[in-house]
Amino acid sequence: MSAPVTHKALFEKLRDSTVIEKCERYAHWTLPQLMADFSETRGTSNALIVERDYQEIGALLVNHLASKLAGLLFPSNRPFYRIDPSDKFIKAAGEAGVKKEELSAALARLEMESCQNLFMNASYNQLVMLLKHLIISGNAALYRDSALKTCTVYGLQSFVVRRDGKGRLLDAVLREFTCVEALPLDVQDALKRLNKGKYSRPEQQVEVYTRVHRKLMPGGVMYEITQQVDTIPVGEMSTYPEHLCPWQFPTWNLIAGEHYGRENYRDWE
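Residues numbered from 1 in each chain as written. Predicted model: local features only at pLDDT ≥ 70, side-chain atom pairs only at ≥ 80, totals over all residues. Heavy atoms only, no water.

### Focus: the sheet that holds strand S3 (residues 159-163)
Here is step 1 of the chain: Reading across from one edge, S3-S4-S5-S6-S7 is the order of the 5 strands in this open sheet, with antiparallel pairing throughout. In this open sheet, the two strands that pair with only one neighbour each are S3 and strand S7 (232-241). Strand-to-strand, the axes of this sheet are offset by a mean angle of 15 degrees, without reference to chain direction.
Here is step 2 of the chain: Looking at chain direction, strand S4 (residues 169-179) and strand S5 (residues 205-217) are connected through 9 bridges and run antiparallel. Across the sheet, the residue bridging to Glu176 is Val208, located in S5.
Here is step 3 of the chain: Packed onto the sheet, helix H8 (residues 185-194) meets S5, strand S6 (220-229) and S7 and runs at close to 125 degrees relative to S7. (Pairing = 2+ DSSP bridges. Helix = DSSP H or I, 4+ residues; strand = E, 2+ residues; numbered from the N terminus. Axes fitted to C-alpha atoms, helices over the stretch in contact; angles between N-to-C directions. Contact = heavy atoms within 4.5 Å.)

### As for the confidence of the model for the protein chain
A low pLDDT means the predicted coordinates there should not be read in detail.
Here is step 1 of the chain: Mean pLDDT over the protein chain stands at 87; residues scoring 70 or higher make up 91%.
Here is step 2 of the chain: Long-range and interchain partners of residues 41-46, a stretch whose pLDDT sits below 50, account for 4 contacts in this model, where long-range means more than four residues apart.
Here is step 3 of the chain: This stretch, residues 48-53, has a pLDDT under 50; its non-local contacts, to residues over four places away or in other chains, come to 9 contacts. (pLDDT = per-residue confidence, 0-100.)

### With respect to unusual backbone geometry
Here is step 1 of the chain: We note that Asn121 has phi near 55 degrees; this positive angle belongs to a residue other than glycine.
Here is step 2 of the chain: With respect to the helices and strands, Asn121 occurs in the loop between helix H6 (100-116) and helix H7 (123-137).
Here is step 3 of the chain: Of note in the backbone geometry, Asp230 takes a positive phi value of approximately 60 degrees without being a glycine.
Here is step 4 of the chain: Secondary-structure assignment places Asp230 in the loop between S6 and S7.
Here is step 5 of the chain: Classification of Asp230 as buried rests on a relative accessible area of 8%. (Buried < 20%, exposed > 50% of the residue type's maximum accessible area, 1.4 Å probe, protein only.)

### Side note on empty space enclosed by the protein
Here is step 1 of the chain: This model, assessed by the stated rule, comprises 1 cavity of 30 Å³ or more.
Here is step 2 of the chain: There is about 40 Å³ of room inside the largest cavity.
Here is step 3 of the chain: Taken together, Arg15, Asp16, Val19, Ile20, Leu156, Phe159, Val160 and Tyr260 form the lining of the largest cavity.
Here is step 4 of the chain: Those elements that provide at least two residues to the lining of the largest cavity are helix H2 (17-27) and S3.
Here is step 5 of the chain: A per-class count over the lining of the largest cavity returns 6 nonpolar, no polar and 2 charged. (1 Å grid on protein atoms, 1.4 Å probe; cavity = no way out; pocket = protein on both sides within 12 Å on 5 of 7 lines; lining within 4 Å. Points joined across faces, edges and corners; volume = space filled by probe spheres on them. Nonpolar A, V, L, I, M, F, W, Y, C, P; charged D, E, K, R; others polar.)

### Quick look at the nonpolar core
Here is step 1 of the chain: Residues Leu156, Phe159, Val161, Leu169, Val212, Trp247 and Phe249 are the most contacted members of the largest nonpolar core, which totals 44 residues.
Here is step 2 of the chain: Once you skip the residues sitting within four places of it in the chain, Leu169 turns out to touch Val161, Arg162, Arg163, Val212, Arg214, Tyr223 and Phe249.
Here is step 3 of the chain: Counting 11 residues, the second largest nonpolar core, distinct from the first, contains Val180, Tyr199, Val206 and Val234. (Core = buried A, V, L, I, M, F, W, Y, C linked by side-chain atoms within 4.5 Å.)

### A closer look at the packing of H2 against H7
Here is step 1 of the chain: One can describe the packing of H2 onto H7 by two numbers: an axis separation of 9 Å at closest approach and a directional angle of 110 degrees. When the axis of H2 is compared with that of H7, the two are roughly perpendicular. Judged by residue contacts, Cys23, Tyr26 and Ala27 of H2 engage Ile135, Ile136 and Ser137 from H7.
Here is step 2 of the chain: Per-class residue counts for the contact of H2 with H7 are 5 nonpolar, 1 polar and no charged. (Parallel < 35°, antiparallel > 145°, perpendicular 65-115°, else oblique.)

### Re the sheet that holds strand S2 (residues 150-154)
Here is step 1 of the chain: Here we have 3 strands laid out as an open sheet, ordered S2-S1-S8, and antiparallel in their pairing. At either margin of the open sheet sits one strand with a lone partner, and together these are S2 and strand S8 (247-248).
Here is step 2 of the chain: Relative to S8, strand S1 (residues 141-145) runs antiparallel, the two being bridged by 2 bridges. The partner of Tyr143 across the bridge, within S8, is Trp247.
Here is step 3 of the chain: Set on the sheet, H7 makes contact with S1 and S2; between it and S2 the angle comes to about 20 degrees.

Right, here's the structure in full:
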């Protein structure tokens, strides 16, 4: 029986160098830092070289468009989505003694409070960053921590995806970088057993992989979240219903049958 494929190996397998190269080429004229390869630049003084005149106007246009879109999609002075209770829910509330007017007022408060959470802990800034990634590469990854009420956005250099013919996410792997001393002690010990020469230094860079895997289960479609440091499994597996997964991988334009999205104004062919 063959050994299971590690998250690291799956990341390398699903990585599409053609997509990366073309997105890097466009980012070169707009916001090159959004397509920086952290595996090559982290811990060094290397900087991306761009044509300054073109980069300035390109950056200005992308930043302006992202801010405009964020203001339209997520206004700060009113709810940007509406909760429409089903007839069954309204009936159940009535049977519990909740009047229709009280239910409407409670839902309105919930809409406003939940929308305001988006502006906490710099989450709105992360959504603007997400829009910049979508404008430049057509792809982004978003993690929403409901406990801390924070959002974190990742660019195309940090993740890979695999979709079915209808565009539904089947598999995704995120790669992050940290250092050995930032990890729990038991993980540090495991890394030293894996490669003592490499991971004996506290400042040594280490890769952390998170996999989001779609699975059909008796209760319906679920997303299974697992994590590995280098090739070592860490933490506990978690599962989420399809529409409640904290990991989202939006695209700008997604053509049926393709794994990665495209921007609105440039053909990859």
